Amino acid sequence: MSKSVADKLGTGISPQQFVDGMTKNKEAFIGWMEQFSWPSNEDRQFFESLNNRDDLRCLILMADWCGDVVRNIPVVFGALEVSGMPTEVLIMEENLDTMDQFLTMGGRSVPIVIFADTEGAVRGQWGPRPAYVQEPMVAFKQANTDREAPDYQDNLAVTRQEIMRRYGEGPGYQADVVRELRELLESF
């Protein structure tokens, strides 16, 4: 069965309202926004070319407490800002019904960037992090199916360290986010 977000179109807040309303991680979020730059002129031109399309909408499930939101959404906002695509933020805790349609390996992980048509039919989704950065979590979930196992939390901590290592210190990972968003958008 195909997913739909028709009931959520027009109910979210704007990207600016999200930033203005942040109570956690606002300084870090803005810092990553300020570091956003286009990996290439071709990437910028692609996102600018989306202004010629009026058939797409973007909903982003997220929360200001989430480190992956702080890292990745400034890139998503930067890329979509030039696209002219209507973009709305859905706060995860206020939209659990929608969140539960977009679970990551059975769990509620944000951010989830949802692209839909004007009727709300979901065309594609991205998140919660770039594929290369997500790989350790996928491996962890496959190898650690028992949440009650004595080494579960230790293994999770090691996995989170590897995720942070893959993000790196600077904004280099942002090129991966732009590339993955572009590949997704080019597919429809």
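For the structure, check the block above.
The shown structure was predicted, so the numbers you read here are calculated from the model rather than taken from an experiment.

Cut-offs and rules
Residues numbered from 1 in each chain as written. Predicted model: local features only at pLDDT ≥ 70, side-chain atom pairs only at ≥ 80, totals over all residues. Heavy atoms only, no water. 1 Å grid on protein atoms, 1.4 Å probe; cavity = no way out; pocket = protein on both sides within 12 Å on 5 of 7 lines; lining within 4 Å. Points joined across faces, edges and corners; volume = space filled by probe spheres on them. Helix = DSSP H or I, 4+ residues; strand = E, 2+ residues; numbered from the N terminus. Nonpolar A, V, L, I, M, F, W, Y, C, P; charged D, E, K, R; others polar. Pairing = 2+ DSSP bridges. Axes fitted to C-alpha atoms, helices over the stretch in contact; angles between N-to-C directions. Contact = heavy atoms within 4.5 Å. Expected span 1.5 Å × (residues − 1). Buried < 20%, exposed > 50% of the residue type's maximum accessible area, 1.4 Å probe, protein only. Arc of directions from axis to C-beta. Parallel < 35°, antiparallel > 145°, perpendicular 65-115°, else oblique. Left-handed = near helix turned anticlockwise from the far one by under 90°. Polar contact = N/O pair within 3.5 Å; in protein donor to acceptor, adjacent residues only side chain to side chain. Patch = residues over 30% accessible without salt bridge, like charges linked within 9 Å, V, L, I, M, F, W, Y side chains within 5 Å. Areas by Shrake-Rupley, 256 points an atom, 1.4 Å probe, with all protein chains shown as cover. Salt bridge = Lys/Arg side-chain N within 4 Å of Asp/Glu carboxyl O. Lys, Arg positive; Asp, Glu negative; His and termini not counted. Charge placed at Lys NZ, Arg CZ, Asp CG, Glu CD.

Q: Explain the layout of surface pockets to me, please; I cannot follow it from the model alone.
A: Left-over empty space is what a probe sized like a water molecule reveals as it rolls over the atoms. Taken as a whole, the largest pocket spans an internal volume of roughly 610 Å³. Counting residues per element, the ones that place at least two in the lining of the largest pocket are helix 4 (67-81), helix 6 (131-143) and helix 7 (152-167). Taken together, the residues of the lining of the largest pocket break down into 14 nonpolar, five polar and seven charged. By volume, the second largest pocket is sized at about 260 Å³. As for the second largest pocket, its lining consists of Pro15, Gln16, Val19, Met33, Phe36, Pro74, Val76, Phe77, Gly78, Leu80, Glu81 and Thr87. Those elements that provide at least two residues to the lining of the second largest pocket are helix 1 (15-21) and helix 4. For the lining of the second largest pocket, the leading source of residues is helix 4, giving six residues. Residue composition of the lining of the second largest pocket, grouped by class: eight nonpolar, three polar and one charged.

Q: How do you make sense of the sheet that holds strand 2 (residues 87-91) when you look at a structure like this?
A: Adjacent strands of a sheet pair through backbone hydrogen bonds, lying either parallel or antiparallel. Pairing is mixed in the open sheet, where four strands are placed in the order 2-1-3-4. The strands lining the two open edges of the sheet, one partner per strand, are strand 2 and strand 4 (122-126). This sheet shows a mean twist of 20° between the axes of neighbouring strands, independent of strand direction. Where strand 3 (residues 112-117) lies against strand 4, four bridges are found, and the strand directions are antiparallel. Bridge pairing in strand 4 places Val113 opposite Trp126. Sheet strands in contact with helix 4 are strand 1 (56-62), strand 2, strand 3 and strand 4, and its direction is about 165° off that of strand 1. On top of the sheet, helix 8 (residues 174-186) reaches strand 1, strand 3 and strand 4; it is set at about 165° to strand 4, its chief contact.

Q: Even after reading the chapter, I still don't get helix 7, so can you show me in this structure?
A: For helix 7, built from 16 residues, the straight-helix expectation of 22 Å at 1.5 Å per residue is met to within 8% by its first-to-last C-alpha distance of 23 Å. All of the buried residues along helix 7 are Tyr152, Leu156, Thr159, Ile163, Arg166 and Tyr167. The buried residues of helix 7 occupy one face: seen down the axis, they fall within an arc of 100°. Exposed and oriented more than 90 degrees from the buried face of helix 7 are Asp154, Val158, Gln161 and Arg165.

Q: Would you mind showing me how to read the environment of Glu88 here?
A: Of note, Glu88 is situated in strand 2. Residue Glu88 is classed as buried on the basis of its relative accessible area of 15%. For the pair Glu88 and Gly12, spaced 76 residues apart in sequence, the C-alpha to C-alpha distance is 5.0 Å. Dropping the residues within four chain positions of it, Glu88 is found in contact with Lys8, Leu9, Gly10, Thr11, Gly12, Ile13, Cys58, Leu59 and Ile60.

Q: In this structure, what is going on with the packing of helix 6 against helix 7? I would like to understand it.
A: Helix packing geometry: the angle between the two helix axes and the distance between the axes. Two elements in contact, helix 6 and helix 7, have axes whose closest approach is 8 Å; the angle formed by their N-to-C orientations is 165°. Judged on the interaxial angle alone, helix 7 and helix 6 are roughly antiparallel. The element helix 6 and its partner helix 7 pack so that their crossing is right-handed. Of the residues in helix 7, those touching helix 6 at Tyr132, Val133, Glu135, Pro136, Met137, Phe140 and Lys141 are Tyr152, Asn155, Leu156, Thr159, Glu162, Ile163, Arg165, Arg166 and Tyr167. Among the residues forming the contact of helix 6 with helix 7, the class breakdown is nine nonpolar, two polar and five charged.

Q: What is the right way to look at the side chain of Asp43 in this model?
A: Inspection of the secondary structure assignment puts Asp43 in helix 3 (residues 41-49). For Asp43, a relative accessible area of 11% gives the class buried. Only 2.9 Å separates the side chain of Asp43 from the side chain of Arg182, close enough to count as a polar contact. Filtering out sequence-adjacent residues up to four positions away, Asp43 remains in contact with Trp38, Val178 and Arg182.

Q: Mind showing me how you'd approach a negative patch on the surface here?
A: A cluster of acidic residues, Asp146, Glu148, Asp151 and Asp154, forms a negative patch on the protein surface. Turning to its location among the elements, Asp151 is positioned in the loop between helix 6 and helix 7.

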